[in-house]
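Spelled out from the first residue to the last, the chains are:
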Amino acid sequence: MPAPAPPAGCPPGLEYLTQIDQVLIHQQVELLEVLVGFETSNKYEIKNRLGQRIYFAVEDTDFCTRNCCGSNRPFTMKILDLMGREVITLYRPLGCTSCCCPCCLQKIEICAPPGVPVGYVTQTWHPCLPKFTVQNEKRQDVLRITGPCLVCSCCADVDFEIKSLNEETVVGRISKQWTGVVREAFTDADNFGIQFPLDLDVKMKAVMIGACFLIDFMFFESGRGQHQRAGVW
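First, a word on scope: everything that follows refers to the structure included in this document. In this text, all values refer to a predicted model and were calculated from it rather than measured experimentally.

What counts, and where the lines are drawn
- Residues numbered from 1 in each chain as written.
- Predicted model: local features only at pLDDT ≥ 70, side-chain atom pairs only at ≥ 80, totals over all residues.
- Heavy atoms only, no water.
- Helix = DSSP H or I, 4+ residues; strand = E, 2+ residues; numbered from the N terminus.
- Buried < 20%, exposed > 50% of the residue type's maximum accessible area, 1.4 Å probe, protein only.
- Contact = heavy atoms within 4.5 Å.
- Areas by Shrake-Rupley, 256 points an atom, 1.4 Å probe, with all protein chains shown as cover.
- Core = buried A, V, L, I, M, F, W, Y, C linked by side-chain atoms within 4.5 Å.
- Expected span 1.5 Å × (residues − 1).
- Polar contact = N/O pair within 3.5 Å; in protein donor to acceptor, adjacent residues only side chain to side chain.
- Pairing = 2+ DSSP bridges.

When helices and strands are counted, the protein shows 4 helices and 12 strands. Of all 233 residues assigned to the protein, the portion counted as buried reaches 48%. Contacts spanning at least 24 positions in sequence make up 46% of the contacts within the protein whose residues lie at least 6 apart. Accessible surface, the protein as shown: approximately 10800 Å² in total, 58% of it carbon and sulfur.

Following this line, the structure appears as C-alpha cells:
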C-alpha cells in the first residue's frame, strides 16, 4: 500500500507536526559544562505530549563563539528527524539584548527544509515587556508573542503568550518549565512546552519552535544559572 500523500504545502519532514497541538523541548544536561564551566553546544530533544521523541536539535557553533559571546552568540540550530535528516534549520544573527537599545534587536530565521525560509521571529522594542512579531516567509506579520515583565523562573513556570496580531486573543503559549532547585542552580539545561492551535499552518508551528529557541537563549541560557535574567528584563 503506498504511503499517504503529505498535506499540501507541508515541508518534507514536518508531516507529524500537522497532527499535534503541543510539543515539549528538553535540553540535555552536558556533564562537561557542569563540571568545568565551559559552554558546550546545546542539544535538545523535541517530544510530543506523551514524551516520545519526534525530533532532535543540535547547536552548530564553535568553541570561541560559545564562550566569548555567551548567550548573546549567533548560532545555527539543526533540527533532525528520527532518520537523522535535517528538516528545520534556525539562524540567529548576533544582536543586542538590552531593552534600552531599540537598534540591532534579536531575530531568528526558520528554514524548512534547510535553505528555504518559512518564517521569522523578530523582537519588537518595548521598555518593559519582551515582545516579538512572528512573520511568514513573505515577512508578513502573522502573530505576536508577549512575555512577562518579570522574567524569572524561580519555583514557577514562565509563560510567553502567543497572540493574534491585534493582541486581543491568546492562541497559544511558550512556557519555560520549572525543573527543580538543583537543575536550575547548577545547569542551564531548560525544559519548554509549546502549545498552538491544531489547525495552525505547519510552517508556523515550525516557526514557534524557532521562537522557543530564541527565547531560551535570550532569557534562560546562562552558565550554571548565575546570570539568568530576573526582574524587569
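Right, picking up where we left off after that structure.
Turning our attention to the nonpolar core. Grouped together as the largest cluster of nonpolar side chains are 50 residues, with contacts concentrated most on Leu14, Ile46, Ile174 and Phe213. It is helix H4 (residues 202-220) that contributes the most residues to this core, 15 residues altogether.

Let us now look at H4. An ideal rise of 1.5 Å per residue puts 27 Å on 19 residues; H4 measures up with 26 Å between its terminal C-alpha atoms. Counting buried residues in H4 gives 18 out of 19 residues, a clear majority hidden from the surface. One side-chain oxygen of the residue at the start of H4 lies 2.7 Å from the amide nitrogen of Lys203, identifying that residue as Asp201.

To continue, consider the pairing of strand S12 (residues 191-195). Buried residues dominate S12, accounting for 4 of its 5 residues. Here strand S1 (residues 22-27) pairs with S12 via 5 bridges, running antiparallel. Each bridged residue has a counterpart across the sheet, and for Gln22 the counterpart in S12 is Gln195. Judged from the 5 bridges that link them, strand S11 (residues 170-177) and S12 form a sheet pairing that is antiparallel. Considered in S12, the bridge of Ile174 is made with Ile194.

In this structure, Pro113 follows Ala112 across a cis peptide bond, with omega equal to -5°. Within the fold, Pro113 resides in the loop between strand S6 (107-111) and strand S7 (117-124). One non-glycine residue with positive phi stands out, namely Arg139, at about 65°. By the element assignment, Arg139 lies in the loop between strand S8 (131-136) and strand S9 (141-146).

You can see Asn136 is positioned in strand S8. Looking at Asn136, the relative accessible area reads 13%, which means it is buried. At 2.9 Å, the side chain of Asn136 and the backbone nitrogen of Lys138 are in polar contact. A polar side-chain atom of Asn136 sits 2.9 Å from the main-chain amide nitrogen of Gln140. If near-sequence neighbours (up to four positions away) are discounted, Asn136 is found in contact with Val118, Gly119, Tyr120, Val142 and Met204.

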